[in-house]
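Breakdown of the fold
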Amino acid sequence: MNNNNLDLQNIADYRRTTGLNQSKFWQLFGYTQSGGSRFEAGREIPDSVSLLLIFHSQGILTDEDLKQAASDLASHRAQ
């Protein structure tokens, strides 16, 4: 998906365009469904997550890229 005008204030709209529910979508970015729900309700999204969302919306990062990064992070933390 290429969306150069991602509206972080209406991130739920973007999530819906991906076809993912809150749980699956926010898991890609390292958050629980309840954490993502707070962002969708207006809580400020951290800059690091905002960058990932922007890169995702522009097709720079895919779902698979995000899943691999989460796996790599989990492996690193387990060491």
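Values in this document were obtained by computation on a predicted structure and should not be read as measured data. (Residues numbered from 1 in each chain as written. Predicted model: local features only at pLDDT ≥ 70, side-chain atom pairs only at ≥ 80, totals over all residues. Heavy atoms only, no water.)

Describing the nonpolar core
Cut-off, in case you're wondering: Working definition of a nonpolar core: buried Ala, Val, Leu, Ile, Met, Phe, Trp, Tyr and Cys residues. They are joined through side-chain atoms within 4.5 Å. Partly exposed residues are those whose accessible area sits between 20% and 50% of the maximum for their type, while under 20% is buried and over 50% is exposed, using a 1.4 Å probe and protein chains only. For helices the rule is a DSSP run of H or I covering at least 4 residues; for strands it is a run of E covering at least 2, with both sets numbered from the N terminus onward. Contacts between residues were defined by any pair of non-hydrogen atoms, one from each residue, lying within 4.5 Å.
The biggest cluster of nonpolar side chains holds twelve residues, and these are Leu 6, Ile 11, Tyr 14, Phe 25, Trp 26, Leu 28, Phe 29, Phe 39, Ile 45, Val 49, Leu 53 and Leu 66. Among the elements of the structure, helix 1 (11-18), helix 2 (22-28) and helix 4 (47-57) are those that each provide at least two residues to this core. It is helix 2 that provides the largest number of residues to this core, a total of three residues. Beyond its immediate stretch of four places on either side in the chain, Leu 28 contacts Leu 20, Asp 63, Leu 66 and Lys 67.

What about the packing of aromatic side chains?
Worth spelling out the cut-off: Between the rings of Phe, Tyr and Trp (Trp by its six-membered ring), a pair exists once the centres lie within 6.5 Å; its type follows the angle of the planes, with under 30 degrees stacked, over 60 edge-to-face, and the other angles tilted.
A full pass over the atoms with the stated rule returns six aromatic pairs. Plain terms: the ring middles of Tyr 31 and Phe 39 are 4.9 Å apart, the flat faces sit at 75 degrees to each other, and that makes the pair edge-to-face. By relative accessible area, Phe 39 is classed as buried at 6%. One aromatic cluster in this structure is built from Tyr 14, Phe 25, Trp 26, Phe 29, Tyr 31 and Phe 39.

A look at the layout of surface pockets
Test applied: Any residue with an atom within 4 Å of a point lines the site, the site being either a cavity, points on a 1 Å grid over the protein atoms alone where a 1.4 Å probe fits but cannot get out, or a pocket, an open set with protein on both sides within 12 Å along at least 5 of 7 lines. Grid points are joined across faces, edges and corners, and a volume is the space filled by probe spheres set on the points.
Each pocket or cavity is described by its volume, and for the largest pocket that value is around 210 Å³. Around the largest pocket, the lining residues are Gln 27, Leu 28, Phe 29, Gly 30, Leu 52, Leu 66, Ala 69, Ala 70, Leu 73, Ala 74 and Arg 77. If you list the elements that add at least two residues to the lining of the largest pocket, you get helix 2 and helix 5 (63-78).

Regarding the side chain of Gln 22
The condition is simple: Pairing of N or O atoms within 3.5 Å defines a polar contact, subject to two protein rules: one partner must be a possible hydrogen donor and the other a possible acceptor, and residues neighboring in sequence count only if both atoms are side-chain atoms.
Note on placement: Gln 22 falls in helix 2. A polar contact is formed between the side chain of Gln 22 and the side chain of Glu 40, at a distance of 2.8 Å. The residues contacting Gln 22, other than those within four sequence positions of it, are Arg 15, Gln 33, Ser 37 and Glu 40.

So, a nonpolar patch on the surface
What counts is decided by this rule: Like-charged residues within 9 Å of one another, or nonpolar side chains (Val, Leu, Ile, Met, Phe, Trp, Tyr) within 5 Å, are grouped into patches, provided each residue has over 30% relative accessible area and no salt bridge. Accessibility throughout is a Shrake-Rupley quantity obtained with a 1.4 Å probe, and a residue counts as covered only by protein chains that appear here. Salt bridge criterion: a side-chain nitrogen from Lys or Arg within 4 Å of a carboxyl oxygen from Asp or Glu.
Together, Leu 51, Phe 55 and Ile 60 give the surface a local cluster of nonpolar side chains, amounting to about 270 Å² of exposed area. By relative accessible area, which is 51% here, Ile 60 ends up exposed.

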